[in-house]
Amino acid sequence: MIRPLSAVPRHSITFLLALYFAPVMAEPLPLDAIDTWTEHSFEGESRFEWLADEACLRMRSDSTASARIWEQAVELDSSTRIRWRWRPAQDISGVTRQQKPGDDFAGRIYVAVEHPLFFWRSRVLAYVHARELDVDTHWPNPFTGQFHMWVVSNGDPGDWQHIERRILDDWEVAFGDRPEHFDAIGLMADSDNSGQQTDLCLADLEVQ
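Scope of this entry: the structure provided in the associated data block. (Residues numbered from 1 in each chain as written. Predicted model: local features only at pLDDT ≥ 70, side-chain atom pairs only at ≥ 80, totals over all residues. Heavy atoms only, no water.)

Observations concerning the overall build of the chain
Part 1 of the reasoning: When helices and strands are counted, the chain shows 1 helix and 13 strands.
Part 2 of the reasoning: Counted from the first residue to the last, the chain has its helices and strands arranged as β-β-β-β-β-β-β-β-β-β-β-α-β-β.
Part 3 of the reasoning: Within the chain, contacts between residues at least 6 apart in sequence are counted, and of these 76% link residues at least 24 apart.
Part 4 of the reasoning: Element-wise, carbon and sulfur atoms account for 48% of the exposed surface of the chain, whose accessible area totals about 9,000 Å². (Helix = DSSP H or I, 4+ residues; strand = E, 2+ residues; numbered from the N terminus. Contact = heavy atoms within 4.5 Å. Areas by Shrake-Rupley, 256 points an atom, 1.4 Å probe, with all protein chains shown as cover.)

Next up, the structure:
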């Protein structure tokens, strides 16, 4: 479950006014330093654990919903892409994802754009894994229109899936504009609505 951005403390998404615009990053995001990312809990605490032997971040939920947020304003242009790979081990089942009781995912990657003056106009594109839905299925989040959900992988748990998306192309479909930058990337594992458990490993997350 998520709440409207107006209900979330400003610092838990981004310190926009204190940030400078960075160029597109050449290095993967520091998943191995996940404990330095900003924490935000919506319902209990999901677990984020770096597995050095597999070089991946394990994300688990147990009727919980919490996020880790990497705060940095980064310039966007038409070629900017976000890439990663993830391996779902346990996913949600028997729910309708587009409805509030089914708004749970083993993995979410958020791209957030914050409005500098009107916080309630901030928006988030959420890339998700959903075993039962077609890739490129997308919809406004059932809790708030400030979030837009986008399925980027599906299928049963077990194998690594490699994802690459053009951020501005997806953003324009979701929200109707093409922002000049984003302000934060968030990771989330949640199963608070369904009361189930999830387990997913994430690796090689980068923006280029």
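Observations concerning the nonpolar core
Part 1 of the reasoning: With 35 residues, the main nonpolar core has I82, W84, I109 and L187 as its most contacted residues.
Part 2 of the reasoning: If one sorts the elements of this core by residue count, helix α1 (residues 167-175) sits on top with 5 residues.
Part 3 of the reasoning: Leave out the neighbours within four places in its chain, and I109 touches I82, W84, W86, L125, A126, Y127, I185, G186, L187, L202 and L205.
Part 4 of the reasoning: With 18 residues, the next largest nonpolar core counts A65, V124, A126 and M188 among its residues. (Core = buried A, V, L, I, M, F, W, Y, C linked by side-chain atoms within 4.5 Å. Buried < 20%, exposed > 50% of the residue type's maximum accessible area, 1.4 Å probe, protein only.)

A look at the pairing of strand β8 (residues 123-129)
Part 1 of the reasoning: Burial within β8 is extensive, with 6 of its 7 residues counted as buried.
Part 2 of the reasoning: Two elements, strand β7 (residues 105-113) and β8, share 6 bridges in a ladder whose sense is antiparallel. Opposite R108, over in β8, you have V128 as the bridge partner.
Part 3 of the reasoning: With 6 bridges connecting them, β8 and strand β10 (residues 147-153) associate as parallel partners. Within β10, the residue paired with Y127 across the bridge is W150. (Pairing = 2+ DSSP bridges.)

Re the packing of aromatic side chains
Part 1 of the reasoning: Tallied over the full model, the rule gives 5 aromatic pairs.
Part 2 of the reasoning: Between W171 and F175, the ring centres sit 4.6 Å apart and the planes meet at 45 degrees, which makes this aromatic pair tilted. Here W171 pairs with F175, and both are found in helix α1, just 4 residues apart, close to one helical turn.
Part 3 of the reasoning: On the accessibility criterion, W171 (1% relative accessible area) is buried. (Phe/Tyr/Trp six-rings, centres within 6.5 Å; stacked < 30°, edge-to-face > 60°.)

A word on the sheet that holds strand β4 (residues 56-62)
Part 1 of the reasoning: The strand order β3-β4-β13-β6-β11 describes an open sheet built from 5 strands, whose pairing is antiparallel. Every interior strand has two partners, whereas the edge strands, β3 (47-51) and β11 (161-166), have only one. The average undirected angle you get between the axes of adjacent strands in this sheet is 30 degrees.
Part 2 of the reasoning: Two strands pair when backbone bridges link them, and β4 and strand β13 (residues 197-207) are joined in this way by 6 bridges, in the antiparallel orientation. Of the residues in β13, the one forming a bridge with D62 is Q197.
Part 3 of the reasoning: In the packing of α1 onto the sheet, contacts are made with β6 (81-90), β11 and β13, and the angle to β11 comes to roughly 70 degrees. (Axes fitted to C-alpha atoms, helices over the stretch in contact; angles between N-to-C directions.)

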